[in-house]
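Now for the letters of each chain:
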Amino acid sequence: AALSGTYALSAFEIAFLIKSTKAFIKDVLEIDLEEIRKNKNSTATLCGQLVIEVVAEINLSYETRRFENVTINGQEFQADQGSRNVLVGFLAAGAVPEYWTRADNTAIECTHDLLVELQTAISERDAAYHAQATELKVQARQLSEARDYAGLMSLREEVKAL
């Protein structure tokens, strides 16, 4: 219908185009469409599709969580990209601003030690989240290779709960 409407092809032209395309896929690309059609709902295929989704959710969780506020000595500070850029700028320049703003927008006296503590806390948390994400991805791939669809679904729920 799309070929007829969009490209104004006749029924003969459409049949020829589809037949030629299928022959190209089989002969040149060496892809067996019937085999793919038969395995469309196989556990291996479903696990392959699900592992891609789970890894994407792990990546999204990692990227979201690493920019959440960080707590140092009972004080909460922003760790978004803008705050990180400013922090790194001051540390690179060896400068210390008069004040630093907490996550609740209250200003506190700033010291070089505070800047270093903040950078260390952010870096350590990022490293911990990265290690966790890596381990979850390894687990997802292992479950997929083992064709453990239920295990992948359980891992997906675990990732959503992070």
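Before reading further, recall that the structure is shown in the block above.
Owing to the predicted nature of the structure, the values given are computational and were not obtained by experimental measurement.

**Thoughts on the overall build of the protein chain**
If you tally the helices and strands in the protein chain, you get 7 helices and 4 strands. Counted from the first residue to the last, the protein chain has its helices and strands arranged as α-α-α-α-β-β-α-β-β-α-α. Relative to a compact globule of 162 residues, whose C-alpha radius of gyration would be 15 Å, the protein chain shows 26 Å and is clearly more extended. The C-alpha extent of the protein chain, read off along each of the three principal axes, is 80 × 40 × 25 Å. Sorting the 162 residues of the protein chain into buried and exposed places 25% on the buried side. Taking all contacts inside the protein chain whose residues are at least 6 apart in sequence as the whole, residues at least 24 apart take part in 57%. For the protein chain, the exposed area adds up to about 10,700 Å²; of that, 56% sits on carbon and sulfur atoms.

**Description of the packing of aromatic side chains**
In the structure shown here, the tally under the stated rule is 1 aromatic pair. Centroid distance Phe90 to Trp100: 6.2 Å. Interplanar angle 75°. Geometry classified as edge-to-face. Within this pair, whereas Phe90 is found in helix α5 (residues 81-93), its partner Trp100 is found in strand β3 (residues 99-101), the two being separated by 10 residues in sequence. Exposure remark for Phe90: the relative accessible area of 26% places this residue in the partly exposed category. In this structure Trp100 comes out as buried when scored by relative accessible area, which is 9%. For Arg65, the ring lying beneath its charged end belongs to Tyr129, and the centroid distance is 4.0 Å.

**A look at the nonpolar core**
Ranked by internal contacts, the top residues of the largest apolar core, which has 15 residues, are Val54, Ile58, Ala140, Leu152 and Leu155. At the level of secondary structure, the elements contributing two or more residues to this core comprise α4 (43-65), α6 (112-145) and α7 (149-160). Sorting elements by how many residues they give to this core places α4 first, with 7 residues. Residues within four places of Ile58 in sequence aside, it is in contact with Ala133, Leu136, Lys137 and Val159.

**Some remarks on the side chain of Asp126**
In this fold, Asp126 is placed in helix α6. There is a polar contact of 2.6 Å between the side chain of Asp126 and the side chain of Arg84.

**Describing the pattern of salt bridges**
Summed over all chains, the structure comprises 6 salt bridges. Glu53 is the salt-bridge partner of Arg156, the closest N and O atoms lying 2.9 Å from each other. With a gap of 103 residues between them, Arg156 in helix α7 and Glu53 in helix α4 connect regions that are remote in the sequence. Judged by relative accessible area, Arg156 falls into the buried class, the value being 16%. When the shortest N-O distance is used, the salt bridge between Arg102 and Asp104 registers 3.6 Å. The class of Asp104 is partly exposed, set by a relative accessible area of 49%. One connected set of salt bridges, linked through shared partners, spans Glu63, Arg66, Arg84 and Asp126.

**Let's talk about the packing of α4 against α6**
Orientation of α4 relative to α6, taken along the N-to-C sense of each, is 175°, at an axis distance of 10 Å. Here α6 runs roughly antiparallel to α4, going by the angle between their axes. Two secondary-structure elements touch here, α4 through Cys47, Gly48, Val51, Val54, Val55, Ile58, Asn59, Tyr62 and Arg65 and α6 through Arg125, Asp126, Tyr129, His130, Gln132, Ala133, Leu136, Lys137, Ala140, Arg141 and Ser144. Looking at the contact of α4 with α6 residue by residue, the class counts come to 10 nonpolar, 5 polar and 5 charged.

Cut-offs and rules
- Residues numbered from 1 in each chain as written.
- Predicted model: local features only at pLDDT ≥ 70, side-chain atom pairs only at ≥ 80, totals over all residues.
- Heavy atoms only, no water.
- Helix = DSSP H or I, 4+ residues; strand = E, 2+ residues; numbered from the N terminus.
- Rg over C-alpha atoms; globule rule 2.2 N^0.38 Å.
- Buried < 20%, exposed > 50% of the residue type's maximum accessible area, 1.4 Å probe, protein only.
- Contact = heavy atoms within 4.5 Å.
- Areas by Shrake-Rupley, 256 points an atom, 1.4 Å probe, with all protein chains shown as cover.
- Phe/Tyr/Trp six-rings, centres within 6.5 Å; stacked < 30°, edge-to-face > 60°.
- Lys NZ or Arg CZ within 6 Å of the ring centre and 35° of its normal.
- Core = buried A, V, L, I, M, F, W, Y, C linked by side-chain atoms within 4.5 Å.
- Polar contact = N/O pair within 3.5 Å; in protein donor to acceptor, adjacent residues only side chain to side chain.
- Salt bridge = Lys/Arg side-chain N within 4 Å of Asp/Glu carboxyl O.
- Axes fitted to C-alpha atoms, helices over the stretch in contact; angles between N-to-C directions.
- Parallel < 35°, antiparallel > 145°, perpendicular 65-115°, else oblique.
- Nonpolar A, V, L, I, M, F, W, Y, C, P; charged D, E, K, R; others polar.

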